[in-house]
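# What the coordinates show
Below are the chains, spelled out letter by letter.
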Amino acid sequence: MYGPSSALHDLRYAIRLLRNNPGFSAVAIATIALAIGANTAMFSFVNGMLLSPLPYPEPDRIVRVLERLPTGGLNGVSTLNYLDWTNQNAVFEYIAAEAGWHATLTGGGEPVVIRGARVSTPYFDIFGAKTAVGRTFLPGEDQPGKDRVVLLNHVLWKSRFGSDPAMLGRAIVLNGEPHIVIGVLEEGGPFDRTPAQIWKPLAFQPSDMTRDFRWLGASAKLKPSVTLEKARAEMRVIGQRIADAYPDSNKGWGVAVDRLADVLIGPQLHTAVTVLFAAT
């Protein structure tokens, strides 16, 4: 029977062999050390890329929603199609549109161009964003005339405004118009690493109300009980309903719903990382 005494005997025997073959011992120890180091590094990479790639609460419920071309490719979303998605779906807890935005900040020094985004008010609810001070957008602030409020990321607040808490509620001039600072996002969060540093509510103008101009991105958060397959099935029905009602702009178009983590990783990168991990 193999017991503690046998294990101790084997250990002593192995130590004697290593002492009698120092060259082999050095190579064996170095090989094991390299293998452990490589596997540890590779697992950390796989964990960050594949197992927990999104720094948001409940990342598996976050999806990207776009229009699908008749040829099968993906495209942005028109305003009226997005509004129909919002009003007709029963699978999303939140859905929000997004458009790029650049703002020229003036006053208190040299003018500076800041990269930002205009987003529907539920946008930060989708990603579970937290603020260091103030708040995120409220319902109704994405209406024309009520949209002159902005949210800063922590990096911009620190670098441009010296982390001044008195900025909350203060007006800053963006593109020649005053905007009230309503909040600053938490330090070190995911929004400190995005290209956008400042956000404004996305208020649709009359000229935006079209189905032909596909200019928006859209993100959504699935309801807790809704699977990705169910969301795809319902949005497919809604897309077909829109195509039937507005064939001039939507004939052959559909809706694509994809988990955000899968979008960011992509199937080719996923396969490459998996194969590399297996090889390591």
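Residues numbered from 1 in each chain as written. Predicted model: local features only at pLDDT ≥ 70, side-chain atom pairs only at ≥ 80, totals over all residues. Heavy atoms only, no water.

## As for the overall build of the protein
- Looking only at helices and strands, the protein features 9 helices and 12 strands.
- A fraction of 74% describes how many contacts in the protein between residues 6 or more apart in sequence connect residues 24 or more apart.
- A total accessible area of about 15,300 Å² is found for the protein, and carbon and sulfur atoms account for 59% of it. (Helix = DSSP H or I, 4+ residues; strand = E, 2+ residues; numbered from the N terminus. Contact = heavy atoms within 4.5 Å. Areas by Shrake-Rupley, 256 points an atom, 1.4 Å probe, with all protein chains shown as cover.)

## Describing the packing of aromatic side chains
- Counted according to the given criterion, the structure contains 13 aromatic pairs.
- Seen in terms of ring centroids, Tyr-56 and Phe-191 are 6.3 Å apart; in terms of plane orientation they differ by 45°. Their pairing is tilted. With a gap of 135 residues between them, Tyr-56 in the loop between α2 (22-51) and β1 (62-68) and Phe-191 in the loop between β9 (177-185) and β10 (198-201) connect regions that are remote in the sequence. By the burial criterion, Tyr-56 is buried, and Phe-191 matches it.
- Each ring, one from Phe-191 and one from Trp-199, has its centre 5.6 Å from the other, and the planes form 90°; the classification is edge-to-face.
- In this arrangement the basic side chain of Arg-211 is found over the ring face of Tyr-246, its NZ or CZ atom lying 3.7 Å from the centre.
- The residue whose ring lies beneath Arg-214 is Trp-253, and the NZ or CZ to ring-centre distance is 3.5 Å. (Phe/Tyr/Trp six-rings, centres within 6.5 Å; stacked < 30°, edge-to-face > 60°. Buried < 20%, exposed > 50% of the residue type's maximum accessible area, 1.4 Å probe, protein only. Lys NZ or Arg CZ within 6 Å of the ring centre and 35° of its normal.)

## Quick notes on the nonpolar core
- Counting residues in each nonpolar core, the largest one holds 26 residues, and the members touching the most others are Val-63, Val-65, Trp-85, Phe-92, Leu-216 and Val-257.
- Every element with two or more residues in this core is listed here: β1, α3 (79-88), β4 (92-106), β11 (214-222), α6 (228-245) and β12 (254-259).
- For Val-257, the residues in contact, after removing those within four places along its chain, are Val-63, Arg-64, Val-65, Leu-228, Ala-231, Arg-232 and Met-235.
- Of all hydrophobic cores here, the second largest spans 21 residues; its members include Tyr-56, Ala-117, Val-119 and Phe-191. (Core = buried A, V, L, I, M, F, W, Y, C linked by side-chain atoms within 4.5 Å.)

## Examining helix α5 (residues 154-161)
- Along α5, the residues that are buried comprise His-154, Leu-156, Trp-157 and Phe-161. Looking straight down α5, one finds that the buried residues subtend no more than 165° of arc, so they occupy a single side. Opposite the packed face of α5, turned more than 90 degrees from it, sit the exposed residues Lys-158 and Ser-159.
- Among the residues trailing α5, Gly-162 stands out with phi positive, at a value near 60°. (Arc of directions from axis to C-beta.)

Just distances and angles here, no functional claims.
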